[in-house]
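An overview of the molecular structure
Next come the chains, spelled out residue by residue.
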Amino acid sequence: MDRNRAPSAAWRHPVWATARKACVGVAPGKSRVWFTVGSGILTEVFYPRIDIPQIRDLGFIIADGKGFWVELKGLPEPRLELESTQVPLPGFCHEHERFQFRFRVCTDPHRDVLLLDYELAGDPALRPYLLCAARLGGDAGGNCAWRGIWEGRELLWAEQGPFGLAILCRDGNGMPALGKSSVGEVGASDLWQDFHRNGRMEWEYDEAGPGEVALGAEVPRLGTVALGLGSSREAAATNSWATLACGFGSIREEYVHAWTGWHRGHRQEPDFARRIPEASQILYARSVNVLKVHEDHTFPGARVASLSVPWGETSDSRGGYHLVWSRDLVESAGALVAIGALQDARQVLAYLISTQQGDGHWLQNQWLGGKAFWQGIQLDEAGFPVLLASLLREREALGEMVVQDMVRRALQFVAREGPVTGEDRWEEDGGVNAFTLAVAIAALVEGAAFLEGKAAECALMLADYWNAHIEEWTFVRDTGLARRFQVMGYYLRIAPPEVLCHDGAKNEWMLIKNRAHDPHLPASEQVATDFLQLVRYGLRAPDDPHVRASVQVMDALLRSDTPNGPVWHRYNGDGYGEHADGRPFDGTGTGRGWPLLTGERGHYALAAGEDPLPYLAAMTAMAGRGGLLPEQVWDRDPIPGQGLFPGQPSGSAMPLVWAHGEFIKLCHSILRGSPVDRPAETWKRYRGRRPDPGYRIWRLRHRPKTLRAGQAFHLLLAASFSVHWGINGWQKVRDTESEDWGLAHVASLPTEGLLPGDTLQFTLYWHDREAWQGEDFQIGITGEP
């Protein structure tokens, strides 16, 4: 065997599996290195953008060179030690009958370098060995690795394209201390395989790859390891030793200073310490850190949904949650505004303005630089940035930002595509959804304040009309579920798009896409928590009969009580979660409870005059070790072998930034007495009351067939048109030209004088195509209210 080049991998062993996260961190300064820690090992390091992990993990093996060896990640969960709730500076302590191993993690605020300061105590025959799986450029298969000497110091390094990595070590006296080393290909010749086959380190390969490579070396019992990243392996090595030369203590001091300085810039509410329980105060501080940690330093304002990959131990997804969703981003920005981090929130808005698409919408999700990932269209994601602009204006924090063009284009898209969305907020089905409607209506109202003349009038006209028809489109009555729970009805999860034309569409089958076997439930039998947004945004009162009946059904169907408190599922029949036996989600599964939804339920409780603190306490108790909120918690009997316990994090994404933002907002909403992110203009306009507009709007996708006598009649379409129309069998024929109202083209017909029993006939002529619509339409005049 050639001992200089490592053999290629034939298979992948599970040692490099992504662990559940216990802590995340980054220096607020110039450094562009982020890290996540789980199961007592470094699980991912990101550079220069937090959507691309540069290593899969970095951990340690403890061995005596005589056959005994143990990998730290295979031991029971280590003790997590956090010096301060305000500073993400984690320490871990692994306990074994033969040794104790402690390490701390910190990034250099000035360089793209991460430090691990460690100490092995116990049996003097034992030595630590580090092992690292490189994933430079997010490419697991194209990396090359070497061991070598740079400027007189032994090191390990790897490279892939424009990305370089270097690992160096210094001992307690500050001297270079990387010992016996080797590089290899994962699954064939890496250090783990060496110990697995030989019980000790015997291999010393000089180079490996291209492929999925791993780097390993013996290190002293007391020392500091530096992992540097750069545009080349040499650049990474230079910065690594410069950081080590400064020493862990001084780097740590600057790291702590940067974090505490950022926190000092945000004023805490006067009653915070008195009204928020102590345990929740700790999670609040860590939640604030999570928001800051997930901000990118190459693209200020951008935040990925999570530094984790859901069920990463079984997934090779390159995207994971290392992507930007405008919805998650604005939900998080609302929390930034709540804590007073207005400059950070303004950067979010600047990023959103720069990534808005030409037709006014935002991509379903994207890489940090704006490149598309998934291709779905979600109407709420076009509305959320408008809400953020309005929230910043309310706080007089827009500064010199010009947002009118962004608002106009966003509302043009909302007006053109709504009220139907291509996908709901859970990215599964298209149709008419209460949550999406709430965001779209609020965006129209808030956005109208940035517009003038007919454009503002059009936005408010459409908002009132959609608000008045929410129940017509999304509420069902006299179903099996309604009779079962003895209520008049409830808001359904999502109605098919055809509901705009006929009410019977609610009884059509609505596919649940993440189930191995679809339960074939009609839309009318699917219930979600989404309607709560109607109350949160002030479109409906908490005691509205439709809302109260829906809450009763929602709580009965979707609530799970765990030892850590109640948690809600997204909707009945959901399949996004572990299988019943605990196996990870693999495209199908069983939906689990979301702490995020406990926060939304707490916001409803606050609006309804109930005590919201039990919901805050439940979210607090569901956080994982280190204070990270998961996307989902396990809500069935414990499965210890899978690490699944009721009310505790499942294998889903952790942390979920959206969940931390929701927790922060619930804290501030409790202090304020109302939802802190409730759109101000929307609340002023509706205050929970359903409007009764004296007009009907006709569109190609929404064609009402009747008009109440005395009502106005508006046709609202995307392009310029003429209406050729008459009454009572095409009598008194005339033409009416549309007007450009900024967001859409509108034609208003003088129908107020028509009487019950009259009919209105019309067709359309399109100016841009110079063509007739090719069909006639008829409206009947009724005397019904």
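Residues numbered from 1 in each chain as written. Predicted model: local features only at pLDDT ≥ 70, side-chain atom pairs only at ≥ 80, totals over all residues. Heavy atoms only, no water.

**Points about helix α1 (residues 191–198)**
- Within the span of α1, buried status applies to Leu191, Trp192, Gln193, Asp194 and Phe195.
- On its buried side, α1 packs onto β4 (53–63), β5 (69–71), β10 (127–134) and β16 (213–218).
- You can read the cap of α1 off the contacts: a side-chain oxygen lies 2.9 Å from the backbone nitrogen of Trp192, and it is on Asp190.
- Positive phi shows up at Gly199, right after α1, with a value of about 75°. (Buried < 20%, exposed > 50% of the residue type's maximum accessible area, 1.4 Å probe, protein only. Helix = DSSP H or I, 4+ residues; strand = E, 2+ residues; numbered from the N terminus. Contact = heavy atoms within 4.5 Å. Polar contact = N/O pair within 3.5 Å; in protein donor to acceptor, adjacent residues only side chain to side chain.)

**Remarks on the pattern of salt bridges**
- Scanning the model with the defined rule gives 47 salt bridges in all.
- A salt bridge links Arg111 to Asp108, with the nearest nitrogen and oxygen atoms 2.8 Å apart.
- On the accessibility criterion, Arg111 (23% relative accessible area) is partly exposed.
- Ionic pairing is found between Asp405 and Arg408, a salt bridge with its closest N-O pair at 2.6 Å. Of this pair, Asp405 and Arg408 both sit in helix α9 (residues 404–417), three residues apart, which is roughly one turn of the helix.
- Residue classification places Asp405 among the partly exposed positions, given a relative accessible area of 39%.
- Here the salt bridges share partners, and the residues they tie into one network are Glu331, Arg536, Glu662, Lys665 and Asp677. (Salt bridge = Lys/Arg side-chain N within 4 Å of Asp/Glu carboxyl O.)

**Some points on unusual backbone geometry**
- In the segment running from Gly418 into Pro419, the intervening peptide bond is cis, with an omega of 0°.
- Among the structural elements, Pro419 can be located in the loop between α9 and α10 (434–448).
- Omega for the bond connecting Met654 with Pro655 falls within 30 degrees of zero, at 0°, which places this linkage in the cis form.
- Tracing the backbone through its elements, the reader meets Pro655 in the loop between α17 (613–621) and α18 (657–672).
- Positive phi is not limited to glycine here, since Glu151 has a value of about 55°.
- Summarising the element assignment, Glu151 is placed in the loop between β11 (143–150) and β12 (153–160).
- The backbone of His520 shows a phi angle near 55°, a positive value even though the residue is not glycine.
- With respect to the secondary-structure elements, His520 resides in the loop between β19 (489–491) and α14 (532–536).

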